[in-house]
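# Residue-level structural notes
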Amino acid sequence: MSATLDAPRTPLRPARKKGVNWEKWGWIYMRVSGVVLVVLIFGHLFMNLIVGDGVSAIDFAFVGGKWADPFWQWWDVAMLWLALIHGGNGMRTLVNDYARGPKFRAALKLAILAAVAILILLGTLVVFTFEPCPIGQPADLLPSFCAA
Amino acid sequence: MWSWVLHRITGVAIFFFLLVHILDTALVRVSPEAYNAVIGTYQTPIMGLGEVALVGAIVFHAFNGLRIILIDFWSKGTRYQKAMFYVVIALWVITMLGFTPRHLINVFSH
Ligand code: HEM
């Protein structure tokens, strides 16, 4: 009985010779988004956890105060898109490495894609349709500028 | 090899946290009460310690990610990969020494 083993790192199918090299662009994306994410995430953690009273100050009024400024809206939306696509693509790498069986692999990748797409859509809508001073809500829960 | 294992584990952990974090933040679109109720359940000592672990994971993944990028693009990157790993550890320790006391004071004094 001579079972044959593939040489280590034998690809599932030969690399494409024509067309867009998506794996290469994915590889480049991981590095470019990584550099930008360091700035976005460290800035996010600094503003929300270090400045002032940190986590204990986070509530609706805090978020409302931040997103009243387009600068922080765009900051958070950029972070949302870059991090979800970076994380989703990284999770795809893990599925490629560990998941066995073509159906199972396809199902996991579809789940990752769905989660990333739905959360990008949801997050973007929330940031841009957010109302910091909803009518009929108790004033003590709202940002202070709502009273003016 | 351990840098790679840690990079994977922290990457996955951050991804799952991010899914939950977007959903809880989306509650601002529901109502101030809904958002404050859920965020309030996070503002406990246990969660405060969890946040230290989470920030620790992100800071490691970030610094080690920059190290990977340097290994790939800097001509001397592979030669100094081990030294850069020790730099990553050192920067991680320094960052966490700055972050942890500040964060725990915020968690425990309110
Ligand atoms: C803070 C800035 C970040 C930097 C500098 C960074 C950098 C990197 C780099 C260079 C890779 C390797 C890609 C490859 O080998 O082709 C990677 C992988 C990965 N990252 Fe990040 N990343 C960051 C943030 C994040 C975030 C926020 C998440 C989660 C949403 C994440 C999840 C992942 C995952 C799951 C992998 C795949 C792990 C693997 O292939 O072993 N990263 N990251």
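As annotated in an unreviewed UniProt entry, chain B carries the name Succinate dehydrogenase subunit C and comes from Mycetocola miduiensis. Per UniProt, chain B carries the Subcellular location (unreviewed entry) text "Membrane". Looking at the Sequence similarities (unreviewed entry) heading of the UniProt record, one finds this comment for chain B: "Belongs to the cytochrome b560 family."

Per an unreviewed UniProt entry, chain A goes by Succinate dehydrogenase subunit D and derives from Mycetocola miduiensis. Comment text from UniProt for chain A, heading Subcellular location (unreviewed entry), reads "Membrane".

Moving on to the coordination of the iron atom of the ligand. The protein atoms donating to the iron atom of the ligand are His86(A) (NE2) and His61(B) (NE2), with metal-donor distances spanning 2.1 Å. Of note is the iron atom of the ligand, whose 6 donor atoms meet at the metal with angles of 86 to 179° in an arrangement that counts as octahedral. Taken together, the residues span two chains, with His86(A) in helix 3 (residues 70–98) and His61(B) in helix 3 (residues 45–73).

All names here are of chain A. Enumeration over the complete set of coordinates arrives at 1 disulfide over all chains. Between the sulfur of Cys133 and that of Cys146 lies a disulfide, 2.0 Å long from S to S. Taking the sign of the S-S torsion, about -85° here, the bridge from Cys133 to Cys146 comes out left-handed. Of this pair, Cys133 sits in the segment after helix 4 (102–129) while Cys146 sits in the segment after helix 4, and the two are 13 residues apart along the sequence. The class for Cys133 is partly exposed, based on a relative accessible area of 28%. Among the residues examined, Cys146 registers a relative accessible area of 21% and is labelled partly exposed.

Moving on, we get to the packing of aromatic side chains. Scanning the model with the defined rule gives 11 aromatic pairs over all chains in all. Taking 5.5 Å as the distance between ring centres and 85° as the angle between the ring planes, the aromatic pair formed by Trp67(A) and Phe130(A) counts as edge-to-face. One end of the pair, Trp67(A), is in helix 2 (residues 60–67); the other, Phe130(A), is in the segment after helix 4, and 63 residues separate them in sequence. Seen from their ring centres, Phe85(B) and Tyr86(B) are 6.4 Å apart, and the 50° between their planes marks the pair as tilted. Members of the aromatic cluster, each reached through a chain of ring pairs, are Phe60(A), Trp67(A) and Phe130(A). Here the guanidinium or amino end of Arg31(A) rests over the ring plane of Trp27(A), the centre of that ring lying 3.9 Å away. A cation over an aromatic ring shows up here: Lys66(A) above the ring of Trp72(A), its NZ or CZ 4.7 Å from the ring centre.

Here the focus is the site of the ligand. The ligand sits among 23 residues. The nearest are Arg31(A), His86(A), His7(B), Arg8(B) and His61(B). Around the ligand the close residues trace back to chains A and B. His86(A) is positioned such that a nitrogen or oxygen atom in its side chain is 2.8 Å from a nitrogen atom of the ligand. Contact between the ligand and His61(B): a nitrogen atom at 2.8 Å from a side-chain N or O atom of the residue. Looking at the shell around the ligand, the elements with two or more residues in it are helix 1 (22–50) and helix 3 of chain A together with helix 1 (2–26) and helix 3 of chain B.

Turning to the UniProt feature "transmembrane region" (unreviewed entry) in chain B, a few remarks are in order. Per the UniProt annotation, the sites labelled "transmembrane region" (unreviewed entry) are residues 12–32, 52–71 and 83–100 of chain B. Secondary structure content for residues 83–100 of chain B is 100% helix and 0% strand, and the end C-alpha separation is 26 Å.

Calculation notes
- Residues numbered from 1 in each chain as written.
- Chains lettered and ligands numbered in written order.
- Predicted model: local features only at pLDDT ≥ 70, side-chain atom pairs only at ≥ 80, totals over all residues.
- Heavy atoms only, no water.
- UniProt positions renumbered as here; feature names shortened; annotations may be inferred.
- Donors = N, O, S within 2.8 Å, 3.2 Å for Na, K, Ca; no water.
- Tetrahedral: all angles 85-135°; square planar, octahedral: opposite > 155°, others 65-115°.
- Helix = DSSP H or I, 4+ residues; strand = E, 2+ residues; numbered from the N terminus.
- Disulfide = S-S within 2.5 Å.
- Buried < 20%, exposed > 50% of the residue type's maximum accessible area, 1.4 Å probe, protein only.
- Phe/Tyr/Trp six-rings, centres within 6.5 Å; stacked < 30°, edge-to-face > 60°.
- Lys NZ or Arg CZ within 6 Å of the ring centre and 35° of its normal.
- Near = heavy atom within 4 Å.
- Polar contact = N/O pair within 3.5 Å; in protein donor to acceptor, adjacent residues only side chain to side chain.

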